[in-house]
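What the coordinates show
So you can see what is in the structure, the chains are spelled out below.
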Amino acid sequence: MNLEFITELIDEKIEKNESYIEVTFFELRVERNLSEEDTEFFIRLSTQRLKNLGYQIYYTGQRYFYQGQEREVTNNILYIAIRE
């Protein structure tokens with residue numbers, strides 16, 4: 001895994017929905033076959049990039065508001081990024 005991989009995956013997610021991004025354990029560890037170390041690296045760099053783009057980041061177990069509703073990041077989701 002490299003920076004190009006991170007950039008492409010985040011860009012795909014922004015293209016689908018620029019205000020709400022969800023990154024799951026399943027898509028990184030199972031679909032993309034990343035190791036635990038690569039997954040941690042991905043989370044660290046991708047969240048920094050999203051913060052630089054103006055997103056708020058919420059991790060597993062945290063509560064957040066989106067579209068007027070309070071929600072919680074569930075166990076199978078690594079993080080959610082919201083830009084309003």
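The structure we're discussing is the one just above.
Here goes a summary of the coordinates provided.

1. Considerations on the overall build of the protein chain
Within the protein chain, the regular secondary structure consists of three helices and five strands. The helix and strand sequence of the protein chain, counted from the amino end, reads α-β-α-α-β-β-β-β. For 84 residues, the compact-globule estimate of 2.2 N^0.38 gives 12 Å, and the C-alpha radius of gyration of the protein chain, at 12 Å, lies within 12% of that figure. In terms of overall dimensions, the protein chain has C-alpha extents of about 35 × 25 × 20 Å along its principal axes. For the protein chain, the proportion of contacts with a sequence separation of at least 24, taken over those separated by at least 6, is 56%. A gap of 3 Å separates the mean positions of the 10 positive and 16 negative side-chain charges of the protein chain.

2. Quick notes on the nonpolar core
One finds F42, L50 and Y79 to be the most contacted residues of the largest nonpolar core, which totals 16 residues. Secondary structure elements with two or more residues in this core: α1 (3-16), β1 (20-24), α3 (36-52) and β5 (77-82). Ranked by the residues each element gives to this core, the list is headed by α1, at four residues. Ignoring any residue separated from it by four or fewer positions in sequence, one finds F42 in contact with M1, F5, I6, L9, I10, V23, L28, L34, T47 and Y79.

3. Focus: the pairing of β5
With six of six residues buried, β5 lies mostly within the body of the structure. The pairing of strand β2 (residues 56-59) with β5 spans four bridges and is classified as antiparallel. Among the inter-strand pairings, Y58 is bridged to a residue of β5, identified as I80.

4. Some details on the environment of L3
Positionally, L3 belongs in helix α1. For L3, a relative accessible area of 56% gives the class exposed. Sequence separation between L3 and F41 is 38 residues; the distance between their C-alpha atoms is 9.9 Å.

Parameters at a glance
- Residues numbered from 1 in each chain as written.
- Predicted model: local features only at pLDDT ≥ 70, side-chain atom pairs only at ≥ 80, totals over all residues.
- Heavy atoms only, no water.
- Helix = DSSP H or I, 4+ residues; strand = E, 2+ residues; numbered from the N terminus.
- Rg over C-alpha atoms; globule rule 2.2 N^0.38 Å.
- Contact = heavy atoms within 4.5 Å.
- Lys, Arg positive; Asp, Glu negative; His and termini not counted.
- Charge placed at Lys NZ, Arg CZ, Asp CG, Glu CD.
- Core = buried A, V, L, I, M, F, W, Y, C linked by side-chain atoms within 4.5 Å.
- Buried < 20%, exposed > 50% of the residue type's maximum accessible area, 1.4 Å probe, protein only.
- Pairing = 2+ DSSP bridges.

By themselves, these are just geometric observations and shouldn't be taken as functional.
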